[in-house]
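# Reading the structure
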Amino acid sequence: MSHQRRRVGPIDTTSPPLIGLDIETDTSIDGLDPRCSPVVALALSSSAGEWVFDHEDEAALLRAADDHIASLESGVLVTWNGSGFDLPFITDRAHRLGLTIGLHTVHDPALPGQARPLPGHPGRVRGRWHRLAHLDGYQAFRADVGQNLPISCGLKSLARFVGLPVVEVDRTRIHELTAQQRHDYVASDARLARALVERRADRAAWVDQSPSSRGS
């Protein structure tokens, strides 16, 4: 496991801290199918620092990430399309490895998204990982920016639009990256997701609730 820790700014103590989360999967098999493709890297990015978990052993990687998240007192995990990919992918892989981790997800058919869900899953999910709630930045931006501006709500498209630095690689060939390239890429995506959501004054309204509790 490798960790990259960077001080990038003061912690906002007026609201739960935002913690970007991103995963990379094994594209040498099928990086979009959790039934056969393992997680090869997981990054967390907060104002306090950044951490990348990239054990060669997937079970050790997920346990290390879970232990770190369990140590956090509060916060909101920010993903980009995490409701449709990252969270159900991690849940699936942990189940297949026989791991018990603190990530809990529930399918919510009311969440809009792609026509084809993650293989083996009915659709998008809401989630929580130990004490940390979840916020899917893609869902927030597609609801207003995507409806009113002629711009893609892809993570990198929006990041470039607002002037954030973007790390670009061939997303279909993650398995050909060096360890450092993969490290930089997954950390960058976690950082971008957090930085974009930090710009939204209404971000608290987008934090996941269970389907049964919404509107109550």
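The coordinates are above.
The structure reproduced in this document is the subject of the present report.

The rules behind each value
In this numbering scheme, every chain counts its residues from 1 along its sequence in written order. In keeping with the model being predicted, local features are shown solely for residues with a pLDDT of at least 70 and side-chain atom pairs are shown and tallied solely at 80 or more, while totals for entire chains, interfaces and linings include all residues. Note that water and hydrogens are dropped before the side-chain values are worked out from all heavy atoms of the structure. Helix and strand definitions here come from DSSP, where helices need a minimum of 4 consecutive H or I residues and strands a minimum of 2 consecutive E residues; each element is numbered from the N-terminal end. Only protein chains enter the area calculation, which uses a 1.4 Å probe; residues under 20% of their type maximum are buried, those over 50% are exposed, and those in between are partly exposed. Whether two residues are in contact is decided by their heavy atoms, any of which lying within 4.5 Å being enough. At least two DSSP bridges between two strands are needed for those strands to be called paired. Simply put, an axis is a line fit to the C-alpha atoms, just over the touching stretch for a helix, and the angle between two N-to-C directions goes from 0 to 180 degrees. Two rings belonging to Phe, Tyr or Trp (six-membered ring only in the last case) form a pair when the distance between their centres is within 6.5 Å. Interplanar angles under 30 degrees mark stacking, angles over 60 mark edge-to-face geometry, and anything in between is tilted. Only lysine NZ and arginine CZ atoms are considered, and such an atom sits over a ring when it is within 6 Å of the ring centre and within 35 degrees of the ring normal.

We now examine the overall build of the chain. Broken down by element type, the chain carries five helices and seven strands. Ordered by position from the N terminus, the helices and strands of the chain form the series β-β-β-α-β-α-β-β-β-α-α-α. Looking at the chain as a whole, 50% of its 216 residues qualify as buried. Sequence separation of 24 or more characterises 70% of the internal contacts of the chain that already satisfy a separation of 6 or more.

Attention shifts here to the sheet that holds strand β7 (residues 132–136). Overall, mixed pairing links the seven strands, which are arranged β3-β2-β1-β4-β7-β6-β5 in an open sheet. The open sheet has two edge strands, β3 (49–53) and β5 (103–107), and neither has a second partner. The mean inter-strand angle of the sheet, taken between neighbouring strand axes irrespective of direction, is 25°. Note that strand β2 (residues 39–46) and β3 share five bridges and pair antiparallel. Of the residues in β3, the one forming a bridge with Ser 46 is Gly 49. Against the sheet, helix α1 (residues 58–70) contacts β2, β3, β6 (125–129) and β7, and its axis sits at roughly 15° relative to β2.

Among the eight residues that make up strand β1 (residues 18–25), eight are buried, leaving the element largely enclosed by the rest of the structure. A two-sided burial pattern is seen for β1, the buried positions comprising Leu 18, Gly 20, Asp 22 and Glu 24 on one face and Ile 19, Leu 21, Ile 23 and Thr 25 on the other. Pairing geometry for β1 and strand β4 (residues 76–79), over three bridges, is parallel. Counted as the bridge partner of Ile 19 is Leu 77 from β4. Here β1 pairs with β2 via six bridges, running antiparallel. Note that in β2 the partner of Gly 20 across the bridge is Ser 45.

Evaluation of the coordinates by the stated rule reveals two aromatic pairs. Summarising the aromatic geometry, the rings of Trp 80 and Phe 141 are spaced 5.4 Å apart at their centres and angled 40° between planes, so their arrangement reads as tilted. You can see Trp 80 sitting in the loop between β4 and α2 (86–97) and its partner Phe 141 sitting in helix α3 (residues 137–148), a full 61 residues away along the chain. When sorted by exposure, Trp 80 lands in the same class as Phe 141, which is buried. A ring pair is formed by Phe 85 and Phe 89, whose centres lie 5.0 Å apart and whose planes are at 45°; its orientation type is tilted. The two residues Phe 85 and Phe 89 agree in class, both being buried. Over the face of the ring belonging to Phe 141 we find Arg 200, whose NZ or CZ atom lies 4.7 Å from the ring centre.

The buried fraction of β6 amounts to four of the five residues, a majority that puts the element mostly inside the structure. Relative to β6, β5 runs antiparallel, the two sharing five bridges. Bridging across to β6, His 107 finds its partner in Val 125. Where β6 meets β7, two bridges bridge the pair, whose relative direction is antiparallel. Bridging across to β7, Arg 128 finds its partner in Ala 133. Turn length for the β6-β7 hairpin, with the two strands adjacent in sequence and antiparallel, is two residues, and the turn residue His 130 shows positive phi of about 50°.

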